[in-house]
Amino acid sequence: MEVHFTPDTQAQLQQLAASEGKNAAQVVEETITRVLERRTKFLEGVQRGIDAADRGELVDDDEVRHWLEERERS
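Residues numbered from 1 in each chain as written. Predicted model: local features only at pLDDT ≥ 70, side-chain atom pairs only at ≥ 80, totals over all residues. Heavy atoms only, no water.

Colleague: Can you help me understand the overall build of the protein in this one?
Modeller: Within the protein, the regular secondary structure consists of three helices and zero strands. For the protein, the N- to C-terminal ordering of α and β elements is α-α-α. The C-alpha atoms of the protein give a radius of gyration of 20 Å, which is well past the 11 Å a tight globule of 74 residues would have. In terms of overall dimensions, the protein has a C-alpha envelope of 50 × 30 × 20 Å along the principal axes. Taking all 74 residues of the protein together, the buried fraction comes to 5%. Summed over its atoms, the accessible surface of the protein is roughly 6,800 Å², and 53% of this surface lies on carbon and sulfur atoms. Distance between charge centroids for the protein: 3 Å, based on 10 positive and 17 negative side chains. (Helix = DSSP H or I, 4+ residues; strand = E, 2+ residues; numbered from the N terminus. Rg over C-alpha atoms; globule rule 2.2 N^0.38 Å. Buried < 20%, exposed > 50% of the residue type's maximum accessible area, 1.4 Å probe, protein only. Areas by Shrake-Rupley, 256 points an atom, 1.4 Å probe, with all protein chains shown as cover. Lys, Arg positive; Asp, Glu negative; His and termini not counted. Charge placed at Lys NZ, Arg CZ, Asp CG, Glu CD.)

The following block contains the structure:
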């Protein structure tokens, strides 16, 4: 597979790679791997939520709002 970047992106990528003692291809592969792993975990989480909702395991709106407010304070 061949991927093309703008000159600016390529320069940033090369600079990042050099700062990590790697080549640009290594940085791109590691980055894409992390993105794909995060996407998979996200989709698994969404499916767990759908499955829970299908079982009737729902959280009240006020509970969610309280939880979000607590996280925001932390």
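Colleague: Would you explain the pattern of salt bridges in this entry?
Modeller: Pairing is possible between side chains of opposite charge, provided their charged atoms come close. All told, the structure shown has six salt bridges when counted by the stated rule. Lys22 is the salt-bridge partner of Glu30, the closest N and O atoms lying 2.7 Å from each other. Between Asp61 and Arg65 there is a salt bridge, with the nearest N and O atoms lying 2.9 Å from each other. Residue Asp61 and its partner Arg65 are both found in helix H3 (residues 61–73); the two are separated by four residues, about one turn of the helix. Taking relative accessible area as the criterion, Asp61 reaches 47% and is therefore assigned partly exposed. Using a relative accessible area of 41% as the deciding quantity, one classes Arg65 as partly exposed. A cluster of three or more residues bridged by salt bridges with shared partners is formed by Glu20, Lys22 and Glu30. (Salt bridge = Lys/Arg side-chain N within 4 Å of Asp/Glu carboxyl O.)

Colleague: Any chance you could explain helix H2 (residues 24–54) here in plain terms?
Modeller: Every α-helical turn comprises 3.6 residues, leaving residues that sit three or four positions apart pointing alike. Taking 1.5 Å as the rise per residue, H2 with 31 residues should run 45 Å; its terminal C-alpha atoms sit 45 Å apart, in good agreement. A side-chain oxygen of the first residue of H2 lies 3.0 Å from the backbone nitrogen of Ala25; this N-cap is Asn23. Looking at the residues trailing H2, positive phi occurs at Gly56, about 85 degrees. (Expected span 1.5 Å × (residues − 1). Polar contact = N/O pair within 3.5 Å; in protein donor to acceptor, adjacent residues only side chain to side chain.)

Keep in mind these values describe shape, not function.
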